[in-house]
Structures are given as C-alpha cells and as structure tokens.
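Next come the chains, spelled out residue by residue.
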Amino acid sequence: MTSDTPMTSDAVAGGLEKLLRRVIREEAGLTPVVPADKWRGGHLVLRPGNTTLQEKSWPIETFFHKVVMVRNRLRTLEQQLNASALPDEEKVRLQSYITGCYGSLTSFNVLFADEDDHFRGAGGEK
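Small disclaimer: the values here were computed from a predicted structure and weren't measured.

Here the focus is the side chain of E78. Secondary-structure assignment places E78 in helix α2 (residues 60–83). With no salt bridge to any partner, buried E78 finds its closest opposite charge in R75, at an N-O distance of 6.2 Å. Not counting the four nearest positions on each side in its chain, E78 is found in contact with Q95, I98 and Y102.

See the structure below:
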C-alpha cells in the first residue's frame with residue numbers, strides 16, 4: 001500500500017487495535033512475549049575456559065524471561081523519566097543512557113519471536 005492509497009476503515013481499526021493493545025500491555029507491564037520457536041525447550045550453556053570447572057546451564061525460557069524483565073524495567077524507567085519534573089536537558093541526558101542500554105541489549109534480539117519486541121538502540125526506532 002502506498003501513501004496515496006486510502007486505508008480502509010478495517011485497516012485503520014486493525015492498526016489502532018494493535019497500537020492500543022501494545023500501549024496497554026506496556027503500561028500494565030504485561031508481556032506476552034515468547035521466544036522464537038528455535039529456542040523453545042533449549043538450554044543456555046556457559047562453559048568456562050578452564051575445563052576443570054563445571055559448566056552452568058539454564059532453560060532458555062528462564063534466561064529469556066530475565067531479558068524481558070530487564071526490557072520492561074527499562075521501559076518503566078523511561079516512562080518515569082518522561083513524566084518527571086526534571087529539566088528537559090536533564091531528561092535528554094538520562095534518556096541517552098537508557099537508549100545506550102537498549103543498544104547494548106540488541107544482541108538478545110535473536111531470542112525474540114516477534115521483531116516488534118526487539119531492543120532498539122540509537123540507530124533504531126521504538
């Protein structure tokens with residue numbers, strides 16, 4: 001669909017519904033986010049370079065849940081920052097740290113089933 005093509009009322013309603021669901025989910029801290037199919041039932045294994053030490057293994061779903069919790073807390077922090085009475089220049093400075101955190105976490109995007117759930121750094125939108 002080009003920008004010259006008028007959207008049908010069903011398309012507008014569908015887009016609005018999707019946006020409202022995402023906003024409600026984010027505001028309520030609800031995250032029905034799931035890992036990509038290829039990771040379900042898998043394990044994350046940390047194997048030390050010293051072979052005399054024991055490796056550590058977790059279900060990927062457990063690790064994925066922790067990553068999603070970090071993302072949710074960053075979003076909450078961002079909302080709190082934006083609603084704060086801080087001067088705008090201070091908000092911008094602090095927001096840059098949050099954006100940097102999102103950027104550092106983009107390595108974990110491979111875990112997410114839905115691209116809309118990905119972390120976005122300074123080069124992305126979100």
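Having seen the model, we can carry on.
Mapped onto the elements, L46 comes out in strand β1 (residues 43–46). Linking L46 and K56, residues ten residues apart in sequence, is a C-alpha distance of 5.1 Å. With near-sequence residues (within four places) excluded, L46 lies in contact with E55, K56 and W58.

For an α-helix, 3.6 residues make a turn, and residues three or four places apart therefore share a direction. An ideal rise of 1.5 Å per residue puts 24 Å on 17 residues; helix α3 (residues 88–104) measures up with 24 Å between its terminal C-alpha atoms. Those residues of α3 that fall on the buried side of the exposure criterion are K91, Q95, I98 and Y102. One face of α3 carries all of its buried residues, which in axial projection span an arc of 60°. Exposed and oriented more than 90 degrees from the buried face of α3 are E89, Y97 and S104.

In total, this model carries four salt bridges according to the counting rule given. Across the pair R47 and E55 runs a salt bridge whose closest N-O atoms are separated by 2.9 Å. A relative accessible area of 37% places E55 in the partly exposed class. Measuring nitrogen to oxygen at the nearest pair gives 3.8 Å for the salt bridge that ties R71 to D117. Placement of R71 in helix α2 and of D117 in the segment after α3 is noted, with a sequence separation of 46 residues between them.

Once that is clear, we can look at the packing of aromatic side chains. The way to describe two aromatic rings as a pair is by their centre distance and the angle between their planes. Under the definition given, this model contains four aromatic pairs. Seen from their ring centres, F112 and F119 are 6.0 Å apart, and the 80° between their planes marks the pair as edge-to-face. The buried category is assigned to F119, whose relative accessible area is 3%. Within the aromatic cluster, the residues linked to one another by ring pairs are F64, Y102, F112 and F119.

As a further point, take the nonpolar core. Counting residues in each nonpolar core, the largest one holds 13 residues, and the members touching the most others are F64, F112 and F119. Among the secondary structure elements, those contributing two or more residues to this core are α2 and α3. A per-element tally of this core places α2 first, with six residues. Discounting residues that sit within four places of it in the chain, F64 has contacts with V33, V34, P35, L111 and F112.

A few words on the packing of α2 against α3. It is the contact of α2 with α3, at a shortest axis distance of 10 Å, that shows an interaxial angle of 170°. In terms of their interaxial angle, α2 and α3 are classed as roughly antiparallel. Contact with α2, carried on its side by R71, L74, R75, L77, E78, L81 and N82, involves K91, L94, Q95, I98, C101 and Y102 of α3 and no other residues of that element. In terms of residue class, the contact of α2 with α3 is made up of seven nonpolar, two polar and four charged.

Thresholds, definitions, all that
Residues numbered from 1 in each chain as written. Predicted model: local features only at pLDDT ≥ 70, side-chain atom pairs only at ≥ 80, totals over all residues. Heavy atoms only, no water. Helix = DSSP H or I, 4+ residues; strand = E, 2+ residues; numbered from the N terminus. Buried < 20%, exposed > 50% of the residue type's maximum accessible area, 1.4 Å probe, protein only. Lys, Arg positive; Asp, Glu negative; His and termini not counted. Salt bridge = Lys/Arg side-chain N within 4 Å of Asp/Glu carboxyl O. Contact = heavy atoms within 4.5 Å. Expected span 1.5 Å × (residues − 1). Arc of directions from axis to C-beta. Phe/Tyr/Trp six-rings, centres within 6.5 Å; stacked < 30°, edge-to-face > 60°. Core = buried A, V, L, I, M, F, W, Y, C linked by side-chain atoms within 4.5 Å. Axes fitted to C-alpha atoms, helices over the stretch in contact; angles between N-to-C directions. Parallel < 35°, antiparallel > 145°, perpendicular 65-115°, else oblique. Nonpolar A, V, L, I, M, F, W, Y, C, P; charged D, E, K, R; others polar.

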